[in-house]
Amino acid sequence: MAGEAATTAGRLRDGMADGVLSFPLTSFHDDGSLDPEGFRAHVAAQLATAPGALFPACGTGEFFSLDEDEYRQVVATAVEEAGGRVPVVAGTGYGWAQAVRFARIAEEAGADALLVLPHYLVAAPQEGLVVQLEQLAARTRLPLIAYQRGQVAYTAASLRRIAALPNVIGLKDGHSDLDRLQRLTLAAPEGFLFFNGAATAEIQARAYATVGVPAYSSAVHAFAPEIANAFFTALRTGDDKTVDRLLRDFYVPLVELRDRVPGYAVSLVKAAARLRGRPVGPVRAPLTDPSPADLAELQSLLATGLDLVGASL
């Protein structure tokens with residue numbers, strides 16, 4: 001890794017050891033327009049709970065719904081609020097040419113690194129996946145974390161190639177294929193970062209740890225950092241009783257609710273944040289907000305989860 005990339009990787013490694021990775025929601029007004037001050041308040045609340053790093057304008061932050069001006073505001077606000085306390089890793093994506101445009105905006109806004117979201121629409125061979133990152137890496141000074149999910153899944157050979165790029169520092173995995181992931185961790189150079197990016201990552205946190213990937217992102221942190229941090233502490237200290245209780249009574253029912261409707265992985269998170277008075281607003285189409293019945297179930301589940309860790313709505 002180059003000097004700046006190695007420094008950022010070190011900061012991320014330290015943060016990942018100390019806390020969950022926060023993926024803040026992007027705040028919108030009821031008419032769908034960006035709510036910059038609501039977002040600022042949400043990020044400040046996230047930072048107050050000591051996450052390991054901040055990942056604005058990524059999947060949970062509805063990157064796919066933001067235009068370039070909105071993206072600039074979101075990333076700049078996150079950087080300002082973080083004030084250097086934790087690394088800020090902004091999302092980028094689509095084809096490499098468009099990803100470069102977002103990367104340059106993130107550079108100007110002061111982001112520390114980029115999470116490269118899966119490209120748009122088409123399936124691609126391994127050579128194309130590698131070249132996609134090569135083209136982006138050649139056009140930004142920011143360190144890159146590749147995200148394999150959906151149509152992006154690297155082989156060990158491809159992982160070696162992208163890890164050899166000076167500013168590619170890690171991989172976020174959303175496939176939960178532990179056989180493949182183990183092969184990737186063994187193929188990676190020393191110091192290369194891996195983290196669990198499965199939807200509701202806590203469900204599989206134990207399994208990921210067994211193949212050398214203990215770090216994870218937490219969508220729950222966006223609306224209930226008390227639950228997310230309690231789970232993180234219990235997992236890291238070997239408190240299996242607490243881990244099992246939180247999984248059984250909160251996380252598993254949450255996943256079952258999430259799986260009912262496409263897009264609920266984001267919509268439920270935003271709805272839960274609103275239930276707690278967070279100024280995040282609705283989701284943007286093509287996502288939809290939860291039905292009244294699902295919202296009532298979510299509220300009950302949220303109350304249960306908070307009660308388990310001694311908190312309240």
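To be clear, the structure that these remarks concern was listed above.
As a starting point, this report considers the structure included with it. Just so it is clear, the model here is predicted, and its values are computed rather than measured. (Residues numbered from 1 in each chain as written. Predicted model: local features only at pLDDT ≥ 70, side-chain atom pairs only at ≥ 80, totals over all residues. Heavy atoms only, no water.)

1. Here's the deal with the sheet that holds strand β2 (residues 53-54)
The following threshold applies: Here, any two strands with at least 2 DSSP bridges between them count as paired. For the purposes of this entry, the term helix denotes a DSSP run of H or I that reaches at least four residues, the term strand denotes a run of E that reaches at least two, and both are numbered from the N terminus.
Spatially, β2-β1-β8 is the arrangement adopted by the three strands of the open sheet, whose pairing is parallel. A single partner strand is all that each edge strand has here, and the edge strands are β2 and β8 (217-218). Bridge analysis of strand β1 (residues 21-22) against β2 gives two bridges, and the strand direction is parallel. Paired with S22 across the two strands is L54, which belongs to β2.

2. Quick word on the pattern of salt bridges
Our working rule: The salt bridge definition used is simple: a Lys or Arg side-chain nitrogen within 4 Å of an Asp or Glu carboxyl oxygen. Accessible area is worked out with a 1.4 Å probe on protein chains only. A residue is then buried under 20% of its type maximum, exposed over 50%, and partly exposed in between.
Per the counting criterion, the structure on display carries 21 salt bridges. Between E37 and R40 there is a salt bridge, and its shortest N-O distance comes to 3.8 Å. A residue pair is termed a helical-turn pair when its members lie 3 or 4 positions apart in one helix, as E37 and R40 do in helix α2 (residues 36-47) at three residues. A relative accessible area of 53% places E37 in the exposed class. Under the relative-accessibility criterion, R40 is labelled partly exposed at 23%. Each of E37, R40, E80 and E81 takes part in a single network of salt bridges with overlapping partners.

3. Digging into the packing of α2 against helix α3 (residues 68-82)
Using the following cut-off: Note on definitions: angles span 0 to 180 degrees between N-to-C directions of axes, and those axes are lines fitted to C-alpha atoms, for helices only across the stretch in contact. Oblique is the label for any angle not covered by the other classes, which are roughly parallel (under 35 degrees), roughly antiparallel (over 145) and roughly perpendicular (65 to 115). Crossing handedness is read from the near helix: turned anticlockwise from the far helix by less than a right angle, it gives a left-handed crossing, and turned clockwise, a right-handed one. Contacts: residue pairs with any heavy atoms within 4.5 Å of one another. Three classes are used: nonpolar for Ala, Val, Leu, Ile, Met, Phe, Trp, Tyr, Cys and Pro, charged for Asp, Glu, Lys and Arg, and polar for all others, with Gly counted as polar.
Contact geometry for α2 and α3: axes closest at 10 Å, N-to-C directions at 40 degrees. By the angle between their axes, α2 is oblique relative to α3. Pair α2 / α3 crosses with right-handed handedness. Of the residues in α3, those in contact with P36, F39, R40, V43, A44 and L47 of α2 are Q73, V74, T77, A78, E80, E81 and A82. Classifying every residue of the contact of α2 with α3 gives eight nonpolar, two polar and three charged.

4. Considerations on the nonpolar core
So the rule is basically this: What we call a nonpolar core is a set of buried Ala, Val, Leu, Ile, Met, Phe, Trp, Tyr and Cys residues that are connected through their side-chain atoms within 4.5 Å.
Counting 73 residues, the largest nonpolar core has F55, Y71 and L115 as its most contacted members. Setting aside residues no more than four positions away along its own chain, L115 makes contact with F23, F55, C58, V89, A90, G91, T92, I145, A146, Y147 and K172.

5. Observations regarding the environment of P143
Mapped onto the elements of the fold, P143 is located in the loop between α5 (126-137) and β5 (144-148). For P143 and A44, which are 99 residues apart along the polypeptide, the C-alpha to C-alpha distance reads 24 Å. Once you skip the residues sitting within four places of it in the chain, P143 turns out to touch E4, A5, T8, D112, A113, L114, N167 and I169.

6. What about unusual backbone geometry?
Looking along the chain, the bond that leaves A285 and enters P286 is cis, with omega of 20 degrees. Its location among the elements puts P286 in the loop between α11 (264-275) and α12 (292-308). Positive phi values are uncommon outside glycine, yet Y94 reaches one of about 70 degrees. Checked against the element boundaries, Y94 lands in the loop between β3 (89-92) and α4 (96-109).

7. Considering the sheet that holds strand β4 (residues 113-116)
Read across the sheet, five strands follow the order β3-β4-β5-β6-β7 without closing on themselves; strand pairing throughout is parallel. Two strands in the sheet have a free side with no partner beyond their single neighbour: β3 and β7 (193-196). Shown here is a sheet whose adjacent strand axes are inclined to one another by a mean of 25 degrees, direction ignored. Strands β3, β4, β5, β6 (168-173) and β7 of the sheet are contacted by helix α1 (residues 3-18), whose axis makes an angle of about 35 degrees with β7. α4 contacts β3 and β4 of the sheet and is inclined by roughly 155 degrees relative to β3.

8. A closer look at the packing of aromatic side chains
The test is simple: Here a Phe, Tyr or Trp ring, Trp counted by its six-membered ring, pairs with any other such ring whose centre lies within 6.5 Å, and the pair is stacked when the planes are under 30 degrees apart, edge-to-face when over 60, and tilted otherwise. We call a charge positioned above a ring when the Lys NZ or Arg CZ atom is no farther than 6 Å from the ring centre and deviates by at most 35 degrees from the ring normal.
As enumerated under the stated definition, the model contains twelve aromatic pairs in all. Pairing F192 with F194 gives two aromatic rings, centres 5.4 Å apart and planes at 70 degrees, and the pair type is edge-to-face. By the burial criterion, F192 is buried, and F194 matches it. Cluster of aromatic residues (ring-pair linked, three or more members): Y216, F231, F232, F250 and Y251. A cation over an aromatic ring shows up here: K172 above the ring of Y147, its NZ or CZ 4.2 Å from the ring centre.

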